[in-house]
Amino acid sequence: MPKAIEIENFTYKYPDGTSALSDITLSIEAGARLVLIGPNGAGKSTLLLAMAGFVKGTGKVLVDGLEINRGNLKKIRSRLGCCLENPDDQLFMPTLFDDVAFGPLNMGLEAEQVKARVAEALQTVGLAELGDKAPHHLSAGQKRAAAIATIISMSPKIITLDEPDGSLDPRNRDNLVKLLKDLPQTLIIATCNMNFAAALADRAVLLDKGRIIAGGDAKEIMSDSKLMAEHGLEVPHKTE
Amino acid sequence: MHMANELLSVPVAAGSAAIAAAGLGFICRKVRQIITAEKLALMGILGAFVFAAQMVNFQLPAMPGTSGHMVGAVLLAIILGPHMGAIVISSVVIIQCLIFQDGGLLALGCNIINIALVPSYLGYFLYRTVTAGPFNSLRAYVGAVLACVIAMQGSAALVPVQAALSGVLAVPFTTFLITMLGVHLLVGLVEGLITVAVLGYLQQVRPDIVVNSLPGKVRLSKKAVLATLVIFTIVIGAGISLLASDKPDGLEWSYAERPDQPDFEGIISNDSPTIAAADKLQARYSLLPDYSLRSSVIGDTAENHVEASAGWTSFAGVVGSAATMVLIWLIARVLRKKERLQA
Amino acid sequence: MHHAHIDKFAYQDSPVHRLDSRVKFIVVLVFTALVISLPRTSVSILACYAVGPFAILVLAGIPLRFVFKHILLVSPFVLILALSCPLYDKTPVSVAFGPFLWNTSVGWMRCFTILGKFTVTMLALIALISTTRFNDLLTGLQRLGLPRLLVIQLGFLYRYIFVLIDRAHRILRARAGRRLRRLKFRAELQIAASMLGSLFIRSIDAAEHINIAMQARGFDGNWRTLSKLQIRRCDLFFLLAAVVFMLGIYFFVKPILL
């Protein structure tokens, strides 16, 4: 079984020359739930974009055993679903149904299959009744769930999420944790909320200033108070 | 300024709709080849930007209490090019009509021509003409202001023309035209200044966005604003004094030419023979030809005796309609209550 | 600040809401054309025409207060032009209306016709919009021949109006919080320009993100949607009723009133 993600010596500079990611080497097992933690501006979002082939730097990026190049982007993106930070960017169609159907339709599925996938995805995130709603009629929590449904409907093997806990109240955040824990896919989640990360992840990678500082077992890394404080993070509260 | 249904006749509305549809169809086909997938989202968002931008208002000079806002057609045409600008503003006009009921369904064709197509192309053309050649800050300033003013004038002039062709209004064509042009001269000037200011801001913060249309700095300097204001004051003043001496007031004019002719239509709406001809044409081809006043509905002219029966039928019509509406409303209410009780 | 109220009634459910958007659109278009082409001085027949859209609105359960507030909101331009009519056309005319008799001018009658037509056509348009989801309307319009590019534009536009208006509100609130006194015109202009500029830049950034979201879901330039429109029997019934109503007034009521 190939690794979900393999990155070797990946380096990327912004157009203005400042370094965004330098010499990233990372390997993620299939089925893992991994959090990318790090302070603001550490390069978490850029790394997620690199995994989906939106950022072209030097080095190698393999998704599900497939090296990203210009020719196979469509294939890559049917295996790796990438959910952006702001649900308003992710939900761009007039109704929720159309949004969730957008991916499957682009994969070339038949109408009946698309409908089945949309129904299933909406069921999974708990919005089964709301397919006909317009995105601007949804609450913040519903928007977040809807954004995830747009990815699930494509049934990718890997899902990346950028700060999915942003602007959610504790109850919605708990619901999100439950939802994400039940997903069978490999999850790669960027966040700077350590409680959220601790509740969810089995693996963690600490990123700062575009470099990987530490990687490994989530509990181990996040309980190292010295390491966390050095990079502007906190140790999660003990739960359970 | 949005044209309204009520100021149009069906032939004029249909004609404008046909022109607007043909124009938009042509642009869409032309643009399809140059629009890349990533431009789709950009154009849609910029349409929404135009809406949001209209909420950002600011105090106008010399008129406390009034505020202006940007329309954005020329700005978009300068940044995106005229085709894409025209499509974006057209979609804005369509949404304004459908969602916010600005202007009517029948006036949509006119509004697309007036607000989207004419300003986009006229504005772009003027800006490009003035700024052709090596970059020069003054020329960019003059070009943007001029583009806004002239484009606004062009679109403002079309409203009275379309209304006159339809012959619905009693206001004389010239009066309406002059009022519209005068008001929009000021609107256009403010639009021009704000367009320059926004272009300047964008050039400063994100030069990559405006690299094609504004390669160098343009500033809204105090002197430039003052000079523009002075020039416009002179132009407006000269225009008003010329008109005042040259033409009789529209009001006087409509009194002066009110002989007791049997044919009222000619004087009611307009003076020029072209418009009278258009009126006749319209009477011939409109869905329901216009009835002359004498045989008209509700009333009758003073000379004739009022036909009591005519008065009563119209009374019955109105009262009957009102009664029907009340009945419908009551039935719906009862039904809904029943529904609620069942639920 | 929430702007969802603009279209909230379109998401209700009623027999009218379930009608096909194409049928509704065409009926409203023809209705508007009929009303506009009425003689310039006929007020009473407008009342008969008003029954149609009124019935639809009531049937669909749209609150009438909302409707009239909306009409009032968009009326200023028409109101000014209509009120200018009495100034320019003072041909005297006496109007008999049931037991009443007024001496007035043709201008006033024109004024009232214009306002009447405005109200009736607005009723029809609001009846269409507040009973049809915008998405369905767009799909219908595309089937009726609106270019696809424009349909996509309108979809995006409709979606992001709400987002950007909220953003504009936030910017405006920030300005209101900081500006304590009236400023000179040029300063006002500069501030407005930087607000508009930053709004513009944010719009462009949002467009970039949306573009990433689209490509991440396999978008390759071909716009694919599933359309759900189909004409059912009740649509045909509605069409028939509308035709009977309009023709009925045209052929039977109008000759009596005129």
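Residues numbered from 1 in each chain as written. Chains lettered and ligands numbered in written order. Predicted model: local features only at pLDDT ≥ 70, side-chain atom pairs only at ≥ 80, totals over all residues. Heavy atoms only, no water.

A short note on the overall build of chain C
Looking only at helices and strands, one finds 9 helices and 2 strands in chain C. The helix and strand sequence of chain C, counted from the amino end, reads α-α-α-α-β-β-α-α-α-α-α. Taken over the C-alpha trace, chain C has a radius of gyration of 24 Å; the compact-globule value for 258 residues is 18 Å, which it surpasses by more than 25%. Reported as C-alpha extents along the three principal axes, the dimensions of chain C are approximately 65 × 60 × 30 Å. Within chain C, buried positions represent 62% of all 258 residues. Partitioning the intrachain contacts of chain C with sequence separation of at least 6 by distance along the chain shows that 77% fall at a separation of at least 24. As presented, chain C carries roughly 10700 Å² of accessible surface, and 66% of it is formed by carbon and sulfur atoms. If the 31 positive side-chain charges of chain C are averaged to one point and the 11 negative ones to another, these points end up 7 Å apart. (Helix = DSSP H or I, 4+ residues; strand = E, 2+ residues; numbered from the N terminus. Rg over C-alpha atoms; globule rule 2.2 N^0.38 Å. Buried < 20%, exposed > 50% of the residue type's maximum accessible area, 1.4 Å probe, protein only. Contact = heavy atoms within 4.5 Å. Areas by Shrake-Rupley, 256 points an atom, 1.4 Å probe, with all protein chains shown as cover. Lys, Arg positive; Asp, Glu negative; His and termini not counted. Charge placed at Lys NZ, Arg CZ, Asp CG, Glu CD.)

Examining the pairing of strand E3 (residues 33-37) of chain A
All names here are of chain A. Across the 5 residues that make up E3, a large majority, 4, are buried. As paired strands, E3 and strand E9 (residues 203-208) are joined by 4 bridges and run parallel to one another. When the bridges of E9 are listed, Val-35 appears paired with Ala-204. (Pairing = 2+ DSSP bridges.)

Overview of the nonpolar core
Of all hydrophobic cores here, the largest spans 216 residues; its most connected members are Ile-5 and Met-51 of chain A, Leu-98 of chain B together with Phe-156 of chain C. Two domains share this core, each providing at least three of its residues, namely domain 1 (4-133 + 228-257) and domain 2 (146-216) of chain C. Sequence-distant contacts of Phe-156 of chain C, that is, excluding residues within four places in its chain, are made with Phe-92 of chain A, Leu-40, Ala-41 and Gly-44 of chain B together with Ile-210, Met-214 and Trp-223 of chain C. (Core = buried A, V, L, I, M, F, W, Y, C linked by side-chain atoms within 4.5 Å. Domains from an automatic or database assignment.)

Section: the interface of chain A and chain C
Listed per partner, the contact involves 33 residues of chain A and 33 residues of chain C. Both sides of the chain A and chain C interface together cover about 3000 Å² of buried area, and 62% of this is carbon and sulfur. Our count for the chain A to chain C interface comes out at 4 salt bridges. With its nearest N and O atoms 3.5 Å apart, the salt bridge here joins Asp-132 of chain A to Arg-133 of chain C. In this structure, the connection of chain A to chain C is made through 12 residue pairs in polar contact (both at pLDDT 80 or more). Those elements that place two or more of their residues in the side of chain A that touches chain C are helix H2 (73-79), helix H3 (87-90), helix H4 (96-106) and helix H5 (111-125) of chain A. Broken down by element, the side of chain A that touches chain C gets its largest block of residues, 7 residues, from H4 of chain A. (Buried area = accessible area lost by both parts, 1.4 Å probe. Salt bridge = Lys/Arg side-chain N within 4 Å of Asp/Glu carboxyl O. Polar contact = N/O pair within 3.5 Å; in protein donor to acceptor, adjacent residues only side chain to side chain.)

Brief notes about the side chain of Ser-75 of chain C
Residues and elements named next belong to chain C. Structurally, Ser-75 can be placed in the loop between helix H3 (64-73) and helix H4 (76-88). The class for Ser-75 is buried, based on a relative accessible area of 10%. Of the polar contacts made by the side chain of Ser-75, one reaches the backbone oxygen of Leu-72; its length is 2.7 Å.

Section: the domain arrangement of chain C
The domains assigned to chain C are domain 1 (4-133 + 228-257) and domain 2 (146-216). Look at where the C-alpha atoms of domain 1 of chain C and domain 2 of chain C centre, and you get two points 35 Å apart.

Digging into the interface of chain B and chain C
By a frequent convention, interface size equals the accessible area lost on bringing the separate parts together. If you look at the interface, chain B gives 117 residues, while chain C gives 113 residues. Summed over both partners, the interface of chain B with chain C comes to about 10200 Å²; 78% of that surface belongs to carbon and sulfur atoms. Linking chain B with chain C are 2 salt bridges. Residue Glu-208 of chain C pairs with Arg-206 of chain B through a salt bridge whose shortest N-O separation is 4.0 Å. At the boundary of chain B and chain C, one finds 4 residue pairs in polar contact (both at pLDDT 80 or more). Broken down by class, the residue content of the side of chain B that touches chain C amounts to 78 nonpolar, 28 polar and 11 charged. (Nonpolar A, V, L, I, M, F, W, Y, C, P; charged D, E, K, R; others polar.)

Brief notes about the sheet that holds E9 of chain A
Residues and elements named next belong to chain A. Spatially, E6-E7-E8-E3-E9-E10 is the arrangement adopted by the 6 strands of the open sheet, whose pairing is mixed. Only two strands of the sheet have a single neighbouring strand rather than two, namely strand E6 (80-83) and strand E10 (211-217). Taking the axes of each pair of neighbouring strands and ignoring which way they run, one obtains an average angle of 15 degrees across the sheet. (Axes fitted to C-alpha atoms, helices over the stretch in contact; angles between N-to-C directions.)

Brief notes about the packing of aromatic side chains
Each pair of aromatic rings is reported with the distance of its centres and the angle of its planes. Following the criterion strictly, the structure yields 14 aromatic pairs over all chains and no others. Residues Tyr-250 of chain C and Phe-251 of chain C carry aromatic rings whose centres are separated by 4.9 Å and whose planes lie at 90 degrees to one another, so their mutual orientation is edge-to-face. Residue Tyr-250 of chain C is classed as partly exposed on the basis of its relative accessible area of 23%. Aromatic ring contacts, followed pair by pair, group Phe-92 and Phe-102 of chain A together with Phe-156, Phe-219 and Trp-223 of chain C into a single cluster. Directly above the aromatic system of Phe-54 of chain A lies the positively charged group of Arg-77 of chain A, at a separation of 4.0 Å from the ring centroid. The cationic tip of Arg-159 of chain C hangs over the ring face of Tyr-160 of chain C; the distance from NZ or CZ to the ring centre is 4.9 Å. (Phe/Tyr/Trp six-rings, centres within 6.5 Å; stacked < 30°, edge-to-face > 60°. Lys NZ or Arg CZ within 6 Å of the ring centre and 35° of its normal.)

Concerning a nonpolar patch on the surface
Residue and element names in this part refer to chain C. Taken together, the side chains of Ile-231, Leu-236, Leu-239, Val-243, Leu-247, Phe-251 and Phe-252 make up a nonpolar region of the molecular surface, amounting to roughly 670 Å² of accessible area. Its place among the elements puts Leu-247 in helix H9 (residues 233-257). For Leu-247, a relative accessible area of 41% corresponds to the partly exposed category. (Patch = residues over 30% accessible without salt bridge, like charges linked within 9 Å, V, L, I, M, F, W, Y side chains within 5 Å.)

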